[in-house]
Amino acid sequence: MRATVMYRAGDVRIENVPDATVVNPTDALVRVTRACICGSDLWPYKEMGPVEGGRRMGHEAVGIVEAVGAAVRTLKVGAVVVMPFAYSDGTCAFCREHLQTSCVHGGFFGTVDVAGAQAEAVRVPQADGTLFVLPVGEDHALMPSLLTLSDVMGTGHHAALTARVGRGKKAAVIGDGAVGLCGVIAAKRLGAEQIVMLGRHPDRIALARAFGATDVVSERGDDAVARVRELTGGAGVHSVLECVGTDQAMLAAIGIVRAGGAVGRVGVPHYDAIPASTPAFYNNVTVGGGPAPVRAYIEELLPDVLEGRIEPGRVFDRVIGLDEVPDGYRAMDERRAIKVMVKP
Ligand SMILES: [Zn+2]
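Basis of the calculations
- Residues numbered from 1 in each chain as written.
- Predicted model: local features only at pLDDT ≥ 70, side-chain atom pairs only at ≥ 80, totals over all residues.
- Heavy atoms only, no water.
- Salt bridge = Lys/Arg side-chain N within 4 Å of Asp/Glu carboxyl O.
- Buried < 20%, exposed > 50% of the residue type's maximum accessible area, 1.4 Å probe, protein only.
- Helix = DSSP H or I, 4+ residues; strand = E, 2+ residues; numbered from the N terminus.
- Donors = N, O, S within 2.8 Å, 3.2 Å for Na, K, Ca; no water.
- Pairing = 2+ DSSP bridges.
- Axes fitted to C-alpha atoms, helices over the stretch in contact; angles between N-to-C directions.
- Contact = heavy atoms within 4.5 Å.
- Patch = residues over 30% accessible without salt bridge, like charges linked within 9 Å, V, L, I, M, F, W, Y side chains within 5 Å.
- Areas by Shrake-Rupley, 256 points an atom, 1.4 Å probe, with all protein chains shown as cover.
- Phe/Tyr/Trp six-rings, centres within 6.5 Å; stacked < 30°, edge-to-face > 60°.
- Lys NZ or Arg CZ within 6 Å of the ring centre and 35° of its normal.

Account for the pattern of salt bridges, naming residues and giving values.
Scanning the model with the defined rule gives 22 salt bridges in all. A salt bridge links Arg13 to Glu15; the nearest nitrogen and oxygen atoms lie 3.8 Å apart. Of the residues examined, Arg13 reaches a relative accessible area of 35% and is grouped as partly exposed. Salt-bridge contacts for Arg330 lead to Asp327; the nearest nitrogen and oxygen are separated by 3.6 Å. Taken together, the positions of Arg330 and Asp327, both in helix H12 (residues 325-333) and three residues apart, correspond to about one turn of that helix.

Have a look at this one:
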């Protein structure tokens, strides 16, 4: 089968690899009907050192179950499923607490150890706990939005929850990638009355406004902080959704959060220590977040997708085949595309 292999920063290839198969009795084999390139794939695309044999990329997918191992109980061949970016058994103490990303038998797709989904097929460990069966056919019109439940919509929702967005609250979103844009959807869905998007790219700003952003701040650094404070009567926002992962983004988050407020960070951190810890301390700011347990959120978000109340699939502005994946990485890295969908 064909699959995406990253050998080092900037070196992404489509190659013939051995067919994915069921290996363990708890596995399922899923034929990938749609996958994506993620903003988090751009970190290794920029930084990864050489990997012997390469890293099989991709952690977001929708597909069809083609085979199941002997111990799989809930999934049938032919089911249309969402594959969250982390696999999980669904039964351990952390899974029962809806923190599947900490599953004791869990892990992440698209790592050096577990093959990814930017491929014709993918082996899914802990299939019963991991896969979510969709109540629609494989070519349903809402498939782009359903695909976002594998990562970006659930991750935006996690940012909003950990930033404690609530009815009547003021929120700000740092990061105008697909996760930040889904964060706007999530903040609106949870009842925020003011949603400030920090971003500059006209197409992304337009989408943020369509999703519910009430204000846009295009300044950078201290000017951005000053502008958000001005827009919020000087006090700052109750909730900051930090969807980037750099120390500058975190500094801005602490700069714009209101005393007693919260920062939900979902951008993979590229700093050793959380910056601005002294002002965060004196302002009683809660810093939370981490990898989103998207498996836990699918059930909650699915009705809003199916009934058209939210349209996170609008973040996809380019659809490509597997052969074009290397160009898809380039397009996202150069910010020519917000989010790329792959149809193997
Ligand atoms: Zn578990």
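Next comes the rest of the description.
Could you give an account of the coordination of the zinc ion, naming the residues involved and the relevant values?
Coordination of the zinc ion by the protein comes from Asp89 (OD), Cys92 (SG), Cys95 (SG) and Cys103 (SG), over a distance range of 2.1 to 2.3 Å. One chain supplies every donor for the zinc ion, spaced along it as D-x2-C-x2-C-x7-C. Residue Cys95 is classed as buried on the basis of its relative accessible area, which comes to 4%.

Describe the sheet that holds strand E11 (residues 170-174), with residues and values.
Sheet architecture is open: six strands sit in the order E13-E12-E11-E14-E15-E16, paired in parallel fashion. Both edges of this open sheet fall to strand E13 (215-217) and strand E16 (286-289), since each of them pairs with a single strand only. Taking the axes of each pair of neighbouring strands and ignoring which way they run, one obtains an average angle of 20 degrees across the sheet. Where E11 lies against strand E14 (residues 237-242), four bridges are found, and the strand directions are parallel. If you follow Val173 over to E14, its bridge partner there is Leu241. Packed on one face of the sheet, helix H9 (residues 247-256) meets E11, strand E12 (194-198), E14, strand E15 (257-265) and E16 and runs near 150 degrees to E15.

A description of a nonpolar patch on the surface should follow, citing residues and the corresponding values.
Residues Phe94, Leu99 and Val104 make up a contiguous nonpolar surface patch of roughly 240 Å² in combined accessible area. Overall, Leu99 belongs to the partly exposed group, its relative accessible area being 31%.

Can you explain the packing of aromatic side chains? Please cite residues and give values.
Applying the stated criterion across every chain, the model contains four aromatic pairs. Measuring from centroid to centroid gives 5.3 Å for Tyr45 and Tyr329, while their planes differ by 35 degrees, and the two rings are tilted. Taken as a pair, Tyr45 in helix H1 (residues 42-47) and Tyr329 in helix H12 lie far apart in primary sequence, 284 residues in all. By the burial criterion, Tyr45 is buried, and Tyr329 matches it. Just above the ring of Tyr7 sits the side chain of Arg13; from NZ or CZ to the centre is 4.1 Å.

Give me the lowdown on the sheet that holds strand E1 (residues 2-8), citing residues and values where you can.
Taken in spatial order, the three strands line up as E2-E1-E4 in an open sheet, and their pairing is antiparallel. Edge positions in the open sheet fall to strand E2 (11-16) and strand E4 (55-56), since each of these has one partner strand only. Sheet topology places E1 next to E2; six bridges connect them, and they run antiparallel. Looking at the pairing, Arg8 lines up with Asp11 of E2. Packing of H12 onto the sheet brings it into contact with E1 and E2, and relative to E2 it is tilted by some 160 degrees.

Describe in detail unusual backbone geometry, supporting the description with residues and values.
Most peptide bonds are trans, and most residues other than glycine sit at a negative phi. Positioned with a positive phi, Arg164 is a non-glycine residue whose angle comes to about 60 degrees. Assignment of secondary structure puts Arg164 in the loop between helix H5 (152-162) and E11. On the accessibility criterion, Arg164 (46% relative accessible area) is partly exposed. Even without being glycine, Asn284 reaches a positive phi, approximately 50 degrees. With respect to the helices and strands, Asn284 occurs in the loop between helix H10 (277-282) and E16.

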